[in-house]
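Each chain is listed here by its residues.
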Amino acid sequence: MKALLAMWLATVAPLAFAATTTISMQGLVSAVIYLLVLAAVVWLLLFIVGKVGPPEPFAKIITAIIYVVAALILIAMLLEFAGSPVIRIR
C-alpha cells in the first residue's frame with residue numbers, strides 16, 4: 001500500500017507543482033510590471049516637482065505626499081499579491 005501511494009505521489013506531484021509555478025510566475029511578472037510602472041510614475045512626479053520649483057516648504061510637502069502615496073500603493077499591491085487585498089487597484 002505504501003509503495004502504491006509513493007508511486008502515485010511521484011507521478012502526480014510534478015504535475016501539481018508545475019501548475020502552481022505557472023500561476024505564481026504570472027503573478028510575479030504582474031507584480032514586477034506594477035512595480036516598474038509605480039517607480040516610473042514616482043520618478044516622473046518628482047522630476048516635475050524639481051523642474052517646476054515651487055517654494056521650499058511646498059516642495060518638501062509635495063515630495064513627502066508623493067512618497068506617502070507611493071508607499072500606500074506599494075503596500076496595497078503587495079497585500080493583494082499575498083492574497084488579502086485591502087483595496088482593489090484594478
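The text that follows walks through the structure, step by step, so that each part is easy to find. Small disclaimer: the values here were computed from a predicted structure and weren't measured.

**Some details on the nonpolar core**
In a soluble, globular protein the nonpolar side chains are often hidden away together inside.
Step number 1: Ranked by size, the top nonpolar core spans five residues in total: L38, V42, V49, I66 and A70.
Step number 2: If you list the elements that add at least two residues to this core, you get α1 (2-52) and α2 (56-82).
Step number 3: Sequence-distant contacts of V42, that is, excluding residues within four places in its chain, are made with I66, Y67 and A70.

**Regarding the environment of V49**
Step number 1: Examined against the element boundaries, V49 turns out to sit in helix α1.
Step number 2: We classify V49 as buried; its relative accessible area is 15%.
Step number 3: Separated by 17 residues in sequence, V49 and I66 have C-alpha atoms that sit 10.0 Å apart.
Step number 4: Apart from the residues lying within four places of it in its own chain, the contact partners of V49 are P54, A59, I62, T63 and I66.

**Some thoughts on a nonpolar patch on the surface**
Step number 1: On the surface, M25, L28, V29, V32, I33, L36, V37, V41 and L45 cluster together to form a nonpolar patch covering roughly 790 Å² of accessible area.
Step number 2: With respect to the secondary-structure elements, I33 resides in helix α1.

**Some points on the packing of aromatic side chains**
Step number 1: In the structure shown here, the tally under the stated rule is one aromatic pair.
Step number 2: Arranged with centres 5.4 Å apart and planes meeting at 15°, the rings of W43 and F47 form a pair that is stacked. In this pair, W43 and F47 both sit in helix α1, four residues apart, roughly one turn of the helix.
Step number 3: On the accessibility criterion, F47 (40% relative accessible area) is partly exposed.

Quick notes on the rules
- Residues numbered from 1 in each chain as written.
- Predicted model: local features only at pLDDT ≥ 70, side-chain atom pairs only at ≥ 80, totals over all residues.
- Heavy atoms only, no water.
- Core = buried A, V, L, I, M, F, W, Y, C linked by side-chain atoms within 4.5 Å.
- Buried < 20%, exposed > 50% of the residue type's maximum accessible area, 1.4 Å probe, protein only.
- Helix = DSSP H or I, 4+ residues; strand = E, 2+ residues; numbered from the N terminus.
- Contact = heavy atoms within 4.5 Å.
- Patch = residues over 30% accessible without salt bridge, like charges linked within 9 Å, V, L, I, M, F, W, Y side chains within 5 Å.
- Areas by Shrake-Rupley, 256 points an atom, 1.4 Å probe, with all protein chains shown as cover.
- Salt bridge = Lys/Arg side-chain N within 4 Å of Asp/Glu carboxyl O.
- Phe/Tyr/Trp six-rings, centres within 6.5 Å; stacked < 30°, edge-to-face > 60°.

Function cannot be inferred from these measures alone, as they are strictly geometric.
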